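# Fold and contact review
Here is what each chain is made of, one letter per residue.
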Amino acid sequence: MGIQITGLRKSFAGKQVLAGVDLTVAPGEFVAVLGANGSGKSTVLRCAVGLQRPDSGTVDIDGGAAMVFQQIHLVGRRSALDNVCSGALGRLKLRQSLVFSRDIRREAMDCLDRVGLADRAGDRAGRLSGGQQQRVAIARALCQRAKVILADEPVSALDPSAAEQVVSLLASLAEEGLAVLAVLHQPELAQRFAHRIVGLNQGKVAFETTAAAMDTQAVNSLYEGAR
Amino acid sequence: MNPPTRKAPSPVAFIVIAVLVGVHVLAWQGTGFSPGALVEGWRGMADFLDQAFPPDLGVLGDSLDAAVITLYIGLLGTTFSIPFALLLGVLASRVTTPNSWTYQIARSILSVLRSVPDVVFALIFVTAVGLGPFAGVLALVFHNTGVMGKLWAEAMEETDPGPREALRVAGASGAQTAVNAVLPAVLPQMVGLLLYRFDVNVRSSLVLGLVGAGGIGFLINQSIKLFRFDQMVTHIIVVVIVVVLVDQFSAYVRRKLAT
Ligand SMILES: Nc1ncnc2c1ncn2[C@@H]1O[C@H](COP(=O)(O)OP(=O)(O)O)[C@@H](O)[C@H]1O
Ligand SMILES: [Mg+2]
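Let me begin by describing the structure that accompanies this report. (Residues numbered from 1 in each chain as written. Chains lettered and ligands numbered in written order. Predicted model: local features only at pLDDT ≥ 70, side-chain atom pairs only at ≥ 80, totals over all residues. Heavy atoms only, no water.)

## Comments concerning the pattern of salt bridges
All names here are of chain A. All chains considered together, the criterion is met by twelve salt bridges over all chains. The salt bridge partner of R91 is E107, with a shortest N-O separation of 3.0 Å. Remark: E107 occurs in helix 3 (residues 102-114) and R91 occurs in the loop between helix 2 (80-85) and helix 3; sequence separation between them is 16 residues. E107 gets classed as buried once you look at its relative accessible area, which sits at 18%. Among the ionic contacts, a cluster of salt bridges with common partners joins E29, R196 and E208. (Salt bridge = Lys/Arg side-chain N within 4 Å of Asp/Glu carboxyl O. Helix = DSSP H or I, 4+ residues; strand = E, 2+ residues; numbered from the N terminus. Buried < 20%, exposed > 50% of the residue type's maximum accessible area, 1.4 Å probe, protein only.)

Right under this line is the structure:
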């Protein structure tokens with residue numbers, strides 16, 4: 001089932017930010033969300049993982065959701081491996097989370113391997129490049145064993161080649177069967193890697209299309225509407 | 001262009017100034033502040049200096065031994081307070097506390113420990129465990145827990161909320177987040193504050209010695225009671241050297257940590 005969002009509404013201090021958003025991502029599918037700043041993209045994702053409580057609407061998630069952030073949010077002083085291990089905290093007891101067990105470390109190594117960074121496991125996260133850090137954050141999401149990955153502008157702070165590498169990694173995780181929902185700011189990347197594209201405008205889904213049928217006009221109007 | 005005209009001082013400003021002047025007059029009287037007494041007493045000062053110099057270096061050995069005890073008091077007073085300051089600091093920091101009850105209680109304990117001066121703790125513990133360095137260590141552990149716990153809690157609150165949020169999404173509890181996101185990030189600041197407190201505690205342990213809690217402060221007290229000001233000066237010279245060395249050491253390590 002992946003993730004199914006229906007009728008999501010949210011206001012902040014009387015100002016409506018989400019005006020009934022419907023969105024589904026099936027397992028194996030990569031959906032990109034486009035939209036101007038302030039159109040409510042982050043709020044959708046934050047409501048979906050429970051960082052914010054929607055006023056109304058439902059979110060159904062199959063197998064747990066992990067979140068990847070634009071600001072990456074690793075602990076820079078810890079090793080890449082420890083950061084990945086911390087994705088498993090939700091299924092560990094407190095005494096198991098002081099020092100990670102061999103099993104968890106092995107699983108985290110596999111996750112790092114899936115993002116192509118097994119050789120950097122012992123490096124401090126803060127020492128890695130932005131693109132590498134974002135891949136470590138994705139490995140942390142994998143170590144959470146979530147079936148759904150929500151990524152809020154995961155590549156907005158990265159240079160073009162690192163951005164492409166990260167988006168292509170997200171696409172390959174969808175190939176492996178995860179449901180991936182990513183906010184992107186580059187329509188070209190969305191069109192190249194995503195299966196479907198959702199345009200969000202003022203808290204509403206303005207259009208929803210397959211990547212192949214993406215209408216540049218419609219995409220441009222998302223950003224013009226905000227000006 | 002003309003600058004804006006200055007506003008005339010408000011009557012409130014006059015009242016505030018009048019009150020401040022009044023309080024200073026009362027304080028002057030209340031403390032028996034008297035420059036005249038200082039001038040008239042110069043003879044006493046001269047006598048004192050005459051007896052104090054040259055310093056009696058015969059007590060240098062005792063003095064150094066006691067200085068080491070003073071350092072030990074400062075050291076144990078700092079390190080033994082680590083577990084308590086850590087526990088209370090985590091509970092008293094808004095970003096790691098499990099609930100608002102615990103937060104309020106932990107904060108209250110810290111503020112009580114902080115507001116009772118270490119000298120008062122020392123006087124209490126001297127009556128409990130007798131004169132000597134052990135009372136000094138206990139006094140520092142109590143007071144330093146209050147100060148360091150508060151400083152650590154504040155340092156934790158200043159950490160980046162991003163990693164905490166990421167772990168919360170991953171299903172981590174508050175305590176797990178504290179251990180895996182907050183403490184690793186804040187460790188260098190905590191070590192810096194620990195060294196700063198060691199520095200302060202070594203200086204405090206001198207004062208604790210004056211009230212009977214061992215170390216070189218105790219020797220200074222003894223030499224004053226015996227009117228051996230020449231010995232006292234030797235102790236004070238040793239004190240100054242110890243304080244400067246500890247200060248330099250702690251500043252050096254903190255500089256290293258910052259880079
Ligand atoms: N916690 C909040 N409190 C108040 N307003 C918020 C909060 N979060 C978001 N908003 C407002 O909601 C609107 C949509 O924000 P957001 O979902 O972050 O948009 P996007 O991610 O598309 O740029 C913005 O106008 C923003 O100012
Ligand atoms: Mg956003």
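## A word on the nonpolar core
Residue and element names in this part refer to chain A. Grouped together as the largest cluster of nonpolar side chains are 66 residues, with contacts concentrated most on F30 and L112. For this core, the element with the highest residue contribution is helix 5 (residues 160-175), accounting for nine residues. Apart from the residues lying within four places of it in its own chain, the contact partners of L112 are A80, L81, V84, L117, A118, A121, V136 and A139. Counting residues in hydrophobic clusters, the runner-up holds 28 residues, among them L51, M67, A179 and L181. (Core = buried A, V, L, I, M, F, W, Y, C linked by side-chain atoms within 4.5 Å. Contact = heavy atoms within 4.5 Å.)

## Concerning the packing of aromatic side chains
Residue and element names in this part refer to chain B. Scanning all chains against the criterion turns up five aromatic pairs over all chains. Look at W28 and F33: their rings are 4.5 Å apart centre to centre, the planes differ by 45°, and that puts the pair in the tilted class. Its relative accessible area of 47% is what places W28 among the partly exposed residues. With centroids separated by 6.3 Å and ring planes inclined at 20°, the aromatic side chains of F121 and F125 adopt a geometry described as stacked. With F121 and F125 both in helix 7 (residues 118-129) and four residues apart, this pair spans about one turn of that helix. Members of the aromatic cluster, each reached through a chain of ring pairs, are F121, F125 and F142. (Phe/Tyr/Trp six-rings, centres within 6.5 Å; stacked < 30°, edge-to-face > 60°.)

## Some words on the site of ligand 1
Residues and elements named next belong to chain A. Ligand 1 sits among F12, K15, V17, A36, N37, G38, S39, G40, K41, S42, T43 and Q52. Within the contact set of ligand 1, an oxygen atom lies 3.3 Å away from a backbone nitrogen or oxygen of S39. S42 places a side-chain nitrogen or oxygen 2.7 Å from an oxygen atom of ligand 1. For ligand 1, the accessible surface in isolation is 560 Å², of which the surrounding protein chains cover 61%. Put simply, the parts of the chain that give the shell around ligand 1 at least two residues each are strand 2 (15-25) and helix 1 (41-49). Ranked by the residues each element gives to the shell around ligand 1, the list is headed by helix 1, at three residues. Split by residue class, the shell around ligand 1 holds three nonpolar, seven polar and two charged. (Near = heavy atom within 4 Å. Polar contact = N/O pair within 3.5 Å; in protein donor to acceptor, adjacent residues only side chain to side chain. Areas by Shrake-Rupley, 256 points an atom, 1.4 Å probe, with all protein chains shown as cover. Nonpolar A, V, L, I, M, F, W, Y, C, P; charged D, E, K, R; others polar.)

## Some words on the interface of chain B and chain A
Facing the 20 residues of chain B at the interface are 24 residues of chain A. Area buried by chain B at its contact with chain A is led by V169, Q176 and N180 of chain B, which between them contribute 33% of it. Inspection of the chain B/chain A interface yields one salt bridge. For R46 of chain A, the salt bridge identified is with E165 of chain B, shortest N-O distance 3.0 Å. At the boundary of chain B with chain A, the tally comes to eight residue pairs in polar contact (both at pLDDT 80 or more). Taken together, the elements giving at least two residues each to the side of chain B that touches chain A come down to helix 9 (161-169) and helix 10 (174-210) of chain B. Top contributing element to the side of chain B that touches chain A by residue count: helix 10 of chain B, with nine residues. Across the side of chain B that touches chain A, the residue classes tally to 13 nonpolar, four polar and three charged. (Buried area = accessible area lost by both parts, 1.4 Å probe.)

## Some thoughts on the sheet that holds strand 1 (residues 3-12) of chain A
Sheet strands line up and pair through hydrogen bonds in the backbone, either parallel or antiparallel. All names here are of chain A. What the three strands build is an open sheet, ordered 2-1-4; its pairing is antiparallel. Edge strands, defined here as strands with exactly one partner in the open sheet, are strand 2 and strand 4 (56-61). Taken pair by pair, the neighbouring strands of this sheet meet at an average axis angle of 20°, ignoring direction. Relative to strand 4, strand 1 runs antiparallel, the two sharing five bridges. Counterpart to I5 in the pairing with strand 4 is V59. (Pairing = 2+ DSSP bridges. Axes fitted to C-alpha atoms, helices over the stretch in contact; angles between N-to-C directions.)

## Details of a nonpolar patch on the surface
Taken together, the side chains of L94, L98 and V99 of chain A define a hydrophobic patch exposed on the protein surface, amounting to about 300 Å² of accessible area. Looking at where V99 of chain A falls in the secondary structure, it is placed in the loop between helix 2 and helix 3. (Patch = residues over 30% accessible without salt bridge, like charges linked within 9 Å, V, L, I, M, F, W, Y side chains within 5 Å.)

## Regarding empty space enclosed by the protein
By the definition in use, this model includes one cavity of 30 Å³ or more. Of the pockets and cavities examined, the largest cavity occupies roughly 40 Å³. Lining the largest cavity are M67, R140, A141 and Q144 of chain A together with A166, V169 and A170 of chain B. Elements represented by at least two residues in the lining of the largest cavity include exactly helix 4 (130-143) of chain A together with helix 9 of chain B. Of the residues that constitute the lining of the largest cavity, the class distribution is five nonpolar, one polar and one charged. (1 Å grid on protein atoms, 1.4 Å probe; cavity = no way out; pocket = protein on both sides within 12 Å on 5 of 7 lines; lining within 4 Å. Points joined across faces, edges and corners; volume = space filled by probe spheres on them.)

## Re the side chain of D230 of chain B
Residue and element names in this part refer to chain B. Here D230 is to be found in helix 12 (residues 229-258). In terms of polar contacts, D230 uses its side chain to reach the side chain of R228, at 3.2 Å. The residues contacting D230, other than those within four sequence positions of it, are Q51, A52, P54, P55 and D56.

## Concerning the pairing of strand 6 (residues 148-152) of chain A
All names here are of chain A. Along strand 6, five of the five residues are buried, which leaves the element largely enclosed by surrounding structure. Side chains V148, L150 and D152 of strand 6 all project onto a buried face; the interleaved residues I149 and A151 project onto the opposite face, where all are buried too. Here strand 5 (residues 65-69) pairs with strand 6 via five bridges, running parallel. The partner of A65 across the bridge, within strand 6, is V148. The sheet contact formed by strand 6 and strand 7 (residues 179-183) spans four bridges and is parallel. Residue pairing for strand 7: L150 is matched across the bridge by L181. Assessed by its sense of winding, the connection that carries the chain from strand 6 through helix 5 to strand 7 is right-handed. (Right-handed = clockwise from strand over helix to strand, strands pointing away.)

## A closer look at the packing of helix 10 of chain B against helix 11 (residues 216-225) of chain B
To characterise two packed helices, one gives the angle between the axes of the helices and the distance between these axes. Residues and elements named next belong to chain B. The interhelical angle for the contact between helix 10 and helix 11, taken along N-to-C directions, is 40°, at an axis separation of 6 Å. By the angle between their directions, the pair helix 10 and helix 11 is classed as oblique. For helix 10 against helix 11, the interelement crossing comes out right-handed. Contacts from L206, G209 and L210 in helix 10 reach I216, G217, F218, I220 and N221 in helix 11. Taken together, the residues of the contact of helix 10 with helix 11 break down into five nonpolar, three polar and no charged. (Parallel < 35°, antiparallel > 145°, perpendicular 65-115°, else oblique. Left-handed = near helix turned anticlockwise from the far one by under 90°.)

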